[in-house]
Structure formats: structure tokens, C-alpha cells
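A look at the structure
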Amino acid sequence: MSRRLGILISGRGSNLQSIIDAISRGELAAEIAVVISNRPEAAGLLRAREAGLETVCLSQKNFDSRDTYDAAIALELQARGVDLVCLAGFMRLVGRPLLDAFPQRILNIHPSLLPAFPGLDAQRQALEYGVSVAGATVHVVTAELDGGPIVLQASVPVLPDDTVESLSARILIEEHGLYPRAVGLVLDGQWRLEGRRFRLTAAASKG
């Protein structure tokens with residue numbers, strides 16, 4: 001696997017920034033080839049440009065179907081030699097053309113300990129359910145919403161006086177450390193999928 005990343009965003013891009021910073025510090029051996037947003041107003045586009053990265057904005061309004069839109073994203077990524085796609089707050093379901101173009105090579109980070117609380121408002125779901133532990137998950141993207149094989153997870157205690165905002169802030173801190181680590185693991189290539197389980201090879205485990 002090459003070490004060229006394509007980052008897909010919809011909003012502020014804080015997880016994009018965590019990957020940029022990890023690369024700058026030498027903690028992640030990778031290159032961000034392009035940052036693509038589905039929203040022209042996404043603050044993460046400015047983050048990317050300030051870091052000297054190429055940006056592309058593709059609005060679904062300009063495409064006649066979800067499939068043609070996802071195919072256009074795939075073409076942009078392939079044209080830049082991207083081998084691993086990272087969803088960093090990309091608020092769209094990934095469709096079959098993009099999944100087929102990058103099989104087992106799309107990652108997402110989600111603010112819960114999957115399989116608990118998939119979808120939107122995961123932190124609110126956790127608080128309403130009354131769990132004592134929440135967290136973040138990096139997983140391989142499949143056609144199932146937040147249902148792909150789990151690469152890494154980090155747990156966060158839920159405090160008695162937590163609000164959605166306070167819990168979200170503490171989970172986000174964990175996300176920023178977790179995502180670059182997971183990207184590095186996948187790029188190193190010393191892993192395999194057994195069913196839906198992400199397993200490191202013996203060499204990776206010893207390392």
C-alpha cells in the first residue's frame with residue numbers, strides 16, 4: 001500500500017488537523033494528496049489550504065444521483081494516486097462506486113464504542129441510554145452504516161454531570177490521538193480481516 005491519503009470532510013476538519021499534525025511531527029509516515037469536501041463552506045478547507053494541501057469541493061447538487069457523485073469522488077482520488085481514504089467528519093453515506101474503487105481502503109472515525117450508538121448524535125444517544133463508558137472507534141467503511149470492522153477504539157468515562165457538549169469534547173481529544181494511529185496501522189499493511197475482525201499479523205504484533 002502506498003502512503004498517499006485522501007481526506008473527505010464536511011465541517012471544521014479537526015480530525016484532518018490531527019492527521020496533518022501527526023505527519024508534521026513525524027509520528028505518521030504519510031502524505032495527504034488531497035482534501036475533498038462536499039460543502040464549500042467547510043472550515044476544514046481553510047485548514048487544508050493553510051497547510052499547503054490541495055483541496056477540491058464537490059457538491060452533490062451538481063450530480064444527478066448518489067452513484068454518479070461517489071464515482072466523481074473516486075475519480076478525483078484515483079487521479080492523485082490515493083490509496084487510503086479517510087473520512088474525517090464526512091457527513092454522507094459512502095456509496096458502492098467509492099467502496100468498489102477503494103475496497104477495504106476507506107476508514108471512518110465515529111464518536112462511540114461501536115457497535116453501540118451508530119449514526120448521528122452518538123454522544124446524545126450514549127447519555128440518554130445511561131452508559132458509564134463512551135468513546136471513539138476507527139473502522140473500515142462498508143455499505144453498513146458505522147458497521148465495518150473495528151481497527152482501534154478508545155474509551156472515555158461518562159461523568160454524572162456530563163452534557164452532550166462536555167462528553168463530545170472529551171471524546172474528540174481521544175479521536176485526535178486515535179485516528180493517526182489507526183491510519184498508520186492500516187498503511188503499514190501488516191493486518192488482515194478475518195470475517196469482520198481486524199487482525200494484526202504476527203510481525204506487527206511483535207513490533
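Please refer to the structure higher up on the page.
Reading the values: rules and limits
Residues numbered from 1 in each chain as written. Predicted model: local features only at pLDDT ≥ 70, side-chain atom pairs only at ≥ 80, totals over all residues. Heavy atoms only, no water. Helix = DSSP H or I, 4+ residues; strand = E, 2+ residues; numbered from the N terminus. Rg over C-alpha atoms; globule rule 2.2 N^0.38 Å. Contact = heavy atoms within 4.5 Å. Pairing = 2+ DSSP bridges. Axes fitted to C-alpha atoms, helices over the stretch in contact; angles between N-to-C directions. Phe/Tyr/Trp six-rings, centres within 6.5 Å; stacked < 30°, edge-to-face > 60°. Buried < 20%, exposed > 50% of the residue type's maximum accessible area, 1.4 Å probe, protein only. Core = buried A, V, L, I, M, F, W, Y, C linked by side-chain atoms within 4.5 Å. Right-handed = clockwise from strand over helix to strand, strands pointing away. Disulfide = S-S within 2.5 Å. 1 Å grid on protein atoms, 1.4 Å probe; cavity = no way out; pocket = protein on both sides within 12 Å on 5 of 7 lines; lining within 4 Å. Points joined across faces, edges and corners; volume = space filled by probe spheres on them. Nonpolar A, V, L, I, M, F, W, Y, C, P; charged D, E, K, R; others polar.

Some thoughts on the overall build of the protein
Of the regular secondary structure elements, the protein holds seven helices and nine strands. Computed over the C-alpha atoms, the radius of gyration of the protein is 17 Å, within 12% of the 17 Å expected from 2.2 N^0.38 for a compact globule of 207 residues. The C-alpha extent of the protein, read off along each of the three principal axes, is 50 × 45 × 35 Å. A separation threshold of at least 6 residues defines the contact pool for the protein, and within that pool the share at least 24 residues apart is 61%.

Here we look at the sheet that holds strand 1 (residues 4-9)
As summarised here, the arrangement of the seven strands in space is 3-2-1-4-5-6-7, forming an open sheet in which the pairing is mixed. Each edge of the open sheet is held by one strand with a lone partner, namely strand 3 (55-57) and strand 7 (150-157). Neighbouring strand axes in the sheet, compared pairwise and without regard to direction, differ in orientation by 20 degrees on average. Alignment of strand 2 (residues 31-37) against strand 3, held across three bridges, turns out to be parallel. Looking at strand 3, one finds that Ile 36 is bridged to Val 56.

Observations regarding the packing of aromatic side chains
Under the counting rule described, the total for this entry stands at three aromatic pairs. Look at Trp 191 and Phe 198: their rings are 5.0 Å apart centre to centre, the planes differ by 25 degrees, and that puts the pair in the stacked class. Judged on exposure class, the residue Trp 191 and its partner Phe 198 are both buried.

Comments concerning the environment of Ala 101
Within the secondary structure, Ala 101 sits in helix 4 (residues 96-101). Taking the C-alpha atoms as reference, Ala 101 lies 8.4 Å from Ala 71; in sequence the two are 30 residues apart. Each residue touching Ala 101, except ones within four places of it in the same chain, is listed here: Ala 74 and Gln 78.

Observations concerning the nonpolar core
By size, the foremost hydrophobic cluster in this structure holds 39 residues, and its most contacted members are Leu 5, Ile 7, Ile 32, Leu 107, Val 151, Tyr 179 and Val 183. If one sorts the elements of this core by residue count, helix 6 (residues 164-188) sits on top with eight residues. Excluding anything up to four places from it in sequence, Tyr 179 contacts Asn 15, Ile 19, Cys 86, Leu 87, Ala 88, Leu 107, Asn 108, Ile 109 and Val 138. Core analysis: the second largest hydrophobic core is formed by 22 residues, Val 34, Tyr 69, Ala 74 and Phe 90 among them.

Thoughts on the pairing of strand 1
The buried count for strand 1 comes to five of six residues, which makes it a mostly enclosed element. Bridge count between strand 1 and strand 2: six bridges; the pairing is parallel. The partner of Leu 8 across the bridge, within strand 2, is Ile 36. For the crossover from strand 1 across helix 1 (residues 14-24) to strand 2, the handedness is right-handed. Both strand 1 and strand 4 (residues 84-87) contribute to a ladder of four bridges, which runs parallel. Within strand 4, the residue paired with Leu 5 across the bridge is Leu 84.

Some remarks on helix 1
Of the positions making up helix 1, those classed as buried are Ser 14, Asn 15, Leu 16, Ser 18, Ile 19, Ile 20 and Ala 22. For helix 1, the secondary structure elements touched by its buried residues are strand 1, strand 2, helix 2 (43-50), strand 5 (106-110) and helix 6.

Some points on the state of the cysteines
All chains considered together, the criterion is met by zero disulfides. With no disulfide of its own, Cys 57 lies 19 Å from the sulfur of Cys 86, the closest cysteine sulfur.

Re the layout of surface pockets
Think of a ball as big as a water molecule: rolled over the atoms, this probe shows where empty space is left. The calculated volume of the largest pocket comes to roughly 960 Å³. Surrounding the largest pocket, 38 residues form its lining, Gly 89, Met 91, Ile 109, His 110 and Pro 111 being those nearest its centre. Looking at the lining of the largest pocket, the elements that each hand over two or more residues are helix 1, strand 5, helix 5 (122-129) and helix 6. The dominant element in the lining of the largest pocket, judged by the number of residues it contributes, is helix 6, at six residues. Residues of the lining of the largest pocket, tallied by class, amount to 16 nonpolar, 13 polar and nine charged.

Nothing here speaks to function; it is geometry throughout.
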